[in-house]
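Take a look at the letters that make up each chain.
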Amino acid sequence: MQNQVIKQTSRRQMPSFEIGSQRTPGPLVSIAQVKGHLRLLRAFHNLRVTVEECKDRRIPAFAAQMDRDSRWMWFITLAIDRFERWVKSLQFVPLEKFISKQFPPIDVWMVWHAYLLNPCWYEEDCERLLILQQLRLLNMFVVASINVGKLANNQPSVSRIAAWHKQTGSFFDPFDAIEELTHKQMECPRCRTRVFVPFVNDNGTGYSEQQFSAMCPLPGCRLKITKGNLAVAKFVRDLTESEDGSENYMAGSLFFCNGKRDPRQAKAIKDQLTQSSQFCRKSPRSSNQRIARLDWEKEIKEGIGYSWPLLKDAIAIALRDQPEATYVTPRRASNNFSPQLRRTKILSAYEDDSPFSINLISAVLRQGIFTKRIDDLGWLRPGTFREGDKLQVLEHALLRYHCFLDLAAASPNLMPVPTLDIDLIWHSHQLMGGRYGVDCDIYVGRRIDHPLTTEEVVLSTALDNTCRAWQSRFHTPYMQCGCPAPDETVFERFIRKLRQYTRTRTRLQASLHPDHLPATHPSLHNAVLDPERGAFGSFGKPAHPQRDEKDLVRLSRPLWVRKKRSKKTDPELPPQLEEGFVSEKMIEEPVPLSPAPPYVGYGSDIRFMHDI
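Residues numbered from 1 in each chain as written. Predicted model: local features only at pLDDT ≥ 70, side-chain atom pairs only at ≥ 80, totals over all residues. Heavy atoms only, no water.

Undergrad: How do you make sense of unusual backbone geometry when you look at a structure like this?
TA: Trans peptide bonds make up the majority, and among non-glycine residues the majority have a negative phi. Phi is positive for Tyr 306, which is not a glycine, with a value near 55°. Inspection of the secondary structure assignment puts Tyr 306 in the loop between α14 (289-303) and α15 (308-318). Judged by its relative accessible area of 9%, Tyr 306 is buried. Of note, the phi angle at His 475 is positive, near 60°, even though the residue is not glycine. (Helix = DSSP H or I, 4+ residues; strand = E, 2+ residues; numbered from the N terminus. Buried < 20%, exposed > 50% of the residue type's maximum accessible area, 1.4 Å probe, protein only.)

Undergrad: Any chance you could explain helix α5 (residues 95-102) here in plain terms?
TA: Structurally, the α-helix is built with 3.6 residues per turn, so residues lying three or four positions apart point the same way. Every buried residue of α5 is accounted for by Leu 95, Phe 98, Ile 99 and Gln 102. Looking down the long axis of α5, one finds its buried residues gathered within 125° of arc, a one-sided arrangement. (Arc of directions from axis to C-beta.)

Undergrad: Please explain the environment of Leu 41 as it appears in this structure.
TA: With respect to the helices, strands and loops of the structure, Leu 41 is situated in helix α2 (residues 31-52). Note: C-alpha distance between Leu 41 and Gly 368 (327 residues apart in sequence) is 9.0 Å. In contact with Leu 41, not counting residues within four places along its chain, are His 113, Phe 370, Thr 371, Leu 380 and Leu 424. (Contact = heavy atoms within 4.5 Å.)

Undergrad: What exactly am I supposed to notice about the pairing of strand β3 (residues 183-187) here?
TA: As a general feature of sheets, a regular strand has side chains that alternate between the two faces. Taking every second residue as pointing to the same face, the buried face of β3 carries Lys 184 and Met 186, while none of His 183, Gln 185 and Glu 187 on the other face is buried. Pairing analysis gives 5 bridges linking β3 to strand β4 (residues 194-198), with the strands arranged antiparallel. Its bridge partner lying in β4, Glu 187 is registered against Arg 194. With antiparallel pairing between neighbouring strands as the criterion, β3 and β4 make up a hairpin whose turn holds 6 residues, including Arg 192 at a positive phi of roughly 65°. (Pairing = 2+ DSSP bridges.)

Undergrad: Honestly, the pattern of salt bridges in this entry has me stumped. Any pointers?
TA: Side chains that carry opposite charge are capable of pairing whenever their charged atoms lie near each other. Summed over all chains, the structure comprises 27 salt bridges. Across the salt bridge formed by Asp 238 and Arg 128, the nearest N and O atoms sit 3.3 Å from each other. Linking Asp 238 in helix α12 (residues 227-240) with Arg 128 in helix α7 (residues 119-128), this pair joins segments that are 110 residues apart in sequence. Taken individually, Asp 238 and Arg 128 each receive the classification buried, so the pair is uniform in this respect. In this structure, a network of salt bridges that share partners links the residues Asp 81, Glu 84, Arg 85, Lys 88 and Lys 184. (Salt bridge = Lys/Arg side-chain N within 4 Å of Asp/Glu carboxyl O.)

As structure tokens, this is what we get:
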């Protein structure tokens with residue numbers, strides 16, 4: 001009874017936030033969870049430094065001879081292989097047993113973390129892929145309650161190490177596992193013979209290298225295996241899988257670009273592909289369903305010569321054969337839902353042989369860019385937000401994130417671009433797995449996706465739209481980092497003057513802490529920079545963002561920092577605005593900000609969250 005009273009008192013003290021037409025019972029993310037996420041990012045950052053600078057003697061000599069970027073790419077490739085082994089071995093267990101027995105090592109957690117931060121792809125894959133079904137159950141009942149910061153700092157128990165070895169057949173410590181992770185197992189796209197190819201070899205054609213190729217060892221086949229024909233096999237396998245009407249969608253077809261989920265649309269796309277002249281099934285030669293499916297796969301692959309470019313052309317034709325009316329879109333949909341963009345999204349899921357729909361190497365690399373920027377702010381240093389006025393930075397960032405959700409709820413066609421502080425809280429929310437999707441559905445009415453990559457011109461326009469929408473809704477600037485805001489239109493200037501005349505009160509009234517100002521710079525780790533445009537710098541191939549990390553890190557610094565680093569000027573810090581972002585955007589009366597008590601996920605144990 002006493003515990004219930006304590007919980008009820010705690011809930012009454014929680015600030016209530018207004019998102020669209022709904023009010024939250026408390027913060028959707030707690031300060032404790034954000035601090036735990038920062039500790040996790042620090043562990044990832046330290047792991048990367050260890051690999052890039054060869055600080056562990058177990059790193060083999062051939063890897064030590066690589067440049068630091070190639071070495072980190074190689075390490076991530078091994079981590080993804082270990083992640084795939086882990087998800088295949090998972091079993092659903094209660095929270096306590098999952099933490100003590102099944103929680104993965106830091107390198108696998110790093111891959112899972114990057115996967116979770118692409119919520120629409122992650123949710124779709126958990127629904128589509130058989131190997132993720134146990135992870136899907138954990139998303140709904142366990143993941144939201146994991147104390148990520150505590151797990152990142154604690155040494156693994158003997159039982160956890162033993163359980164990992166039993167499940168995956170590899171060492172728990174990633175540097176111990178390097179010695180045994182020398183080859184990648186795969187199937188030949190033509191004859192399905194099991195092939196083992198080295199991750200790295202002397203001629204640069206290893207699986208983790210850019211010029212990967214291997215020869216099928218079967219004398220009657222001898223197909224040259226490449227990432228291209230492995231991608232063809234992946235697409236054909238998904239296309240021909242299960243015709244019984246169950247949930248077997250093509251990757252990238254389940255969610256609209258605005259985060260709306262539509263299984264009917266996904267089914268219509270798959271039907272359109274399988275019924276097209278490019279992929280339709282010929283009369284089966286066998287009554288055995290498995291053999292008939294293998295024959296169908298062979299017909300498609302041989303028809304396009306195992307060529308990825310020819311497959312892309314065939315998909316484009318197949319999805320263009322029928323009228324656009326096939327693509328059922330919401331009434332208020334914009335051209336974001338065009339068939340061409342849908343085709344592009346589907347094709348992006350089939351550019352390699354990974355069972356997962358996103359390029360996890362790219363996902364980890366891009367999160368590394370974000371982590372580097374957070375580290376530049378000094379937010380990864382131990383004890384930064386332990387107490388005092390610096391804690392207000394996280395409290396204000398938490399409020400701004402709830403306003404960010406409110407803006408998305410009020411603007412269904414807006415693609416909101418976060419600032420660094422908002423993106424940190426947003427990432428913390430996405431790490432709650434299925435809980436993030438439920439919160440989005442309740443308060444925003446759709447999933448707010450966190451795309452892996454966005455073209456520079458699209459991101460630039462979306463940022464301008466976000467700044468204007470924020471200014472219009474909250475009557476205060478979105479960015480306070482010193483970078484110029486987008487120019488006002490005549491109508492926007494008129495509305496601003498009208499509000500000044502009518503003395504409309506902003507919902508965000510208090511000023512930000514000076515150390516918070518640089519974190520209001522846009523978060524651009526997902527930018528695909530256009531080499532033809534001079535504003536953002538040059539960007540190479542989107543599949544290799546590590547080549548462009550210097551450009552993105554430079555761009556992610558506030559303008560006054562970039563000027564100072566280039567020694568063009570000697571600017572002063574931007575003055576703190578008299579009327580800034582932060583007071584409570586909630587209920588009728590603003591309430592003082594205070595550290596948010598632990599906010600526990602659905603079905604979780606409140607005791608577990610106290611020590612984050």
